[in-house]
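Report on the structure
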Amino acid sequence: MANIKSAKKRILVNRTKAERNKSIRSKVKTSIKKVEAAVAAGDKAAAQTALKNAIVEVSKACSKGVYHKNNASRKISRLTKMVNTLA
């Protein structure tokens, strides 16, 4: 454990931010899984609805600095491509 006051604060702040980032990443992963499940079921309407939600979640995560913008763009692109392949 740190002895210096500023180091103690950094530990607390880092822990708080890590928990926040973890919850945001979890939301993104859940929304992605919903899109993948809808695509696997072949339900285009549900897939498109889930895709819209997933895009919002990924964009929020990107704007909050949880994901790099290229990483977020790649995730959105892959999900969109997956939904567009449905007939």
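Note that the structure is predicted; figures quoted are calculated from it, not measured. Sequence order sets the numbering: in each chain, residues are counted from 1 along the sequence as written. Side-chain atom pairs in this predicted model are given and counted only at pLDDT of 80 or more, local residue features only at pLDDT of at least 70, and totals for whole chains, interfaces and linings cover all residues. Only hydrogens and water are removed before side-chain values are computed, so all heavy atoms of the structure are retained for them.

**Quick notes on a positive patch on the surface**
A surface patch of positive charge is lined by K5, K9, R10, K17, R20, K27, K60 and K64. Helix and strand assignments follow DSSP, with helices taken as H or I runs no shorter than four residues and strands as E runs no shorter than two, numbered in order from the N terminus. Sort the elements by how many residues they give to the positive patch and helix 1 (residues 5-41) lands first, with six residues. Relative accessibility under 20% of the residue-type maximum defines a buried residue, over 50% an exposed one, and the middle range a partly exposed one, all with a 1.4 Å probe and only protein chains included. Overall, the relative accessible area of 47% leaves K17 in the partly exposed class. Think of a patch as exposed residues, more than 30% relative accessible area, with no salt bridge, where like charges cluster within 9 Å and nonpolar side chains (Val, Leu, Ile, Met, Phe, Trp, Tyr) cluster within 5 Å. Where accessible areas are quoted, they stem from the Shrake-Rupley method and a 1.4 Å probe; at the residue level, only the protein chains shown are allowed to cover. Salt bridge, as used here, is a side-chain nitrogen of Lys or Arg placed within 4 Å of a carboxyl oxygen of Asp or Glu. For the purpose of charge, His is not counted, nor are the chain termini; Lys and Arg are scored as positive and Asp and Glu as negative. We put the charge of a Lys on NZ, of an Arg on CZ, of an Asp on CG and of a Glu on CD.

**Some thoughts on the packing of helix 1 against helix 2 (residues 44-63)**
Think of two packed helices as two axes; the pair is described by the angle between the axes and how far apart they sit. For helices, the axis comes from a line fit to the C-alpha atoms of the stretch in contact; other axes are also lines fit to C-alpha atoms, and the angle between any two N-to-C directions lies between 0 and 180 degrees. Put simply, helix 1 and helix 2 touch, their axes get as near as 8 Å, and they point 160 degrees apart. Here helix 1 lies roughly antiparallel to helix 2, going by the angle between them. Judged by the sense of rotation from one axis to the other, the crossing of helix 1 with helix 2 is left-handed. Seen from helix 1, the contacting residues are I24, K27, V28, S31, K34, V35, A38 and V39; seen from helix 2, they are A46, A47, A50, L51, N53, A54, E57, V58 and A61. Any residue outside Ala, Val, Leu, Ile, Met, Phe, Trp, Tyr, Cys, Pro, Asp, Glu, Lys and Arg is labelled polar, Gly included; the first ten of those are nonpolar and the last four are charged. Residue composition of the contact of helix 1 with helix 2, grouped by class: twelve nonpolar, two polar and three charged. For this classification, under 35 degrees means roughly parallel, over 145 means roughly antiparallel, 65 to 115 means roughly perpendicular, and everything else is oblique. The sense of a crossing depends on the near helix, which, turned anticlockwise from the far helix by less than a right angle, makes the crossing left-handed and, turned clockwise, makes it right-handed. We call two residues in contact whenever any of their non-hydrogen atoms come within 4.5 Å of each other.

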